[in-house]
Amino acid sequence: MSRLIRIDLSPADYIHVPQAPRIERSPIASRGPANEWHMWGVYGVNQAGDRVGISNHTWSHLDAPFHLLPAGAGFDRLDPRRYLALRTRVVDLAHTGPERRETIRGVDYHSHIDVADLPADLDGSDAVLFATGFSALYGLRYPMTEGADAHYPNVTADAARSLAGMPTLKVAAIDGPSFDKPETDAIAHRILLGREPEPVLLLETLTIERLRRHYGATLPRDVLLTVEPLRALGSVRQDGALASVYAWAPQPGHEGFFEEFVEGVCSAALEA
């Protein structure tokens, strides 16, 4: 038995959200008498049925400051050590009061993340992962419906300021498509991506269901997040990057080995 657990937090498929096109799969090359290769690909389709480019925000992804801020850094200016491996505090919001929650299509989730939801001992972590329960709606295609973004879980301005005030925090992650609703005027993005001198990057559109199935009612307090971004889309100054995201945790009785593993991964040297 492995001493570690690794759970994939990325969605099973692309997620169409209001700012991104509908995603369709299509054969790029079909096997036949003159061709032995078979390949599938994806393309985006707008409301008129035209094929359009695929957004960097249609799956689990990292937001760079340039996504919102014209003078903000793209991935060409971000040190990969700020996001590749992260000591992460999990904030499990499965059991908050009914006044803090919404129910959509039978899925009950935490809606507004405020200062009271932040752990008192969060400072010292590289990242925070908010587990709201919203990602159960991905499989029901709810984010594809008109007006769905008004019901995304969001981080309030006060909570964003508290997070931005934690000097060790490099990344904030959530199991929803965004840290903001349209009505908030992207305030969480502005505060976190705009932090000086180093931004808090935003890791969005994660899933929490596999982690929940493994752990049940109580999620682990701490995990190692590893983020594997795809940096091949867009210009050099990329606004975001699709990314595979994994949560690592120890098997029972192997907590010491896990700490050594985390230290080794987070302190590894990066060669140019």
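The structure under discussion appears in the preceding block.
This structure is a prediction, so every number in the text was calculated from the model and none was measured.

A. Summary view of the packing of aromatic side chains. Applying the stated criterion to the full structure yields six aromatic pairs. Their ring planes at 65 degrees and their centres at 6.3 Å tell us that F134 and Y142 sit as a pair that is edge-to-face. Of the two residues, F134 and Y142, neither departs from the other in class, the shared state being buried. Their ring planes at 40 degrees and their centres at 5.2 Å tell us that W248 and F261 sit as a pair that is tilted. Of this pair, W248 sits in strand β15 (residues 240–250) while F261 is found in helix α4 (residues 255–266), placing the two residues 13 residues apart along the sequence. Residue W248 is classed as buried on the basis of its relative accessible area, which comes to 19%. Note on F261: relative accessible area 22%, which makes it partly exposed. A connected cluster of aromatic rings, assembled from ring pairs, spans Y109, F134, Y138, Y142 and Y152. Lying across the ring of F257, R3 places its NZ or CZ 3.7 Å from the centre. The ring of Y43 has R51 lying over it, and the distance from NZ or CZ to the ring centre is 3.8 Å.

B. A look at the environment of L118. Relative to the helices and strands, L118 resides in the loop between β9 (112–113) and β10 (127–131). Of the residues examined, L118 reaches a relative accessible area of 12% and is grouped as buried. Linking L118 and W248, residues 130 residues apart in sequence, is a C-alpha distance of 22 Å. Setting aside residues up to four positions removed in sequence, L118 forms contacts with F130, A159, S162 and L163.

C. Inspection of the environment of A131 at higher detail. Within the secondary structure, A131 sits in strand β10. A131 sits 117 residues away from W248 along the chain, and the two C-alpha atoms are 15 Å apart. Once residues lying within four places of it in the same chain are set aside, the contact partners of A131 are V91, D92, L93, A94, D175, I208 and L219.

D. The arrangement of unusual backbone geometry in detail. Cis geometry marks the peptide bond from E196 to P197; its omega dihedral reads 0 degrees. Mapped onto the secondary structure, P197 falls in the loop between α2 (187–193) and β13 (201–204). One non-glycine residue, R105, lies in positive phi territory at about 50 degrees. For R105, a relative accessible area of 49% puts it in the partly exposed group. Not every positive phi belongs to a glycine, and A186 is a case in point at roughly 55 degrees.

E. Region of interest: the pattern of salt bridges. With the rule as written, the count across this model stands at 16 salt bridges. Its salt-bridge partner being D126, residue R87 comes within 3.8 Å of it at the nearest N-O pair. Pair noted here: R87 is in strand β6 (residues 85–92) and D126 is in the loop between β9 and β10, with a separation of 39 residues, a long-range link. According to the relative accessible area criterion, R87 is partly exposed, its value standing at 32%.

F. Structural view of the nonpolar core. Core analysis: the biggest nonpolar cluster contains 30 residues, and L9, L203, L225 and V245 have the highest contact counts within it. Going through the elements one at a time, β1 (4–8), β6, β10, β12 (171–174), β13, β14 (222–229) and β15 are the ones with two or more residues in this core. Broken down by element, the residue count for this core peaks at five residues, all from β15. Discounting residues that sit within four places of it in the chain, L203 has contacts with H61, L62, V171, A172, A173, I174, F179, L225, V227 and V245. Among the nonpolar cores identified, the runner-up in size contains 23 residues, and A159, A172, F179 and L193 belong to it.

Procedures and definitions
- Residues numbered from 1 in each chain as written.
- Predicted model: local features only at pLDDT ≥ 70, side-chain atom pairs only at ≥ 80, totals over all residues.
- Heavy atoms only, no water.
- Phe/Tyr/Trp six-rings, centres within 6.5 Å; stacked < 30°, edge-to-face > 60°.
- Buried < 20%, exposed > 50% of the residue type's maximum accessible area, 1.4 Å probe, protein only.
- Helix = DSSP H or I, 4+ residues; strand = E, 2+ residues; numbered from the N terminus.
- Lys NZ or Arg CZ within 6 Å of the ring centre and 35° of its normal.
- Contact = heavy atoms within 4.5 Å.
- Salt bridge = Lys/Arg side-chain N within 4 Å of Asp/Glu carboxyl O.
- Core = buried A, V, L, I, M, F, W, Y, C linked by side-chain atoms within 4.5 Å.

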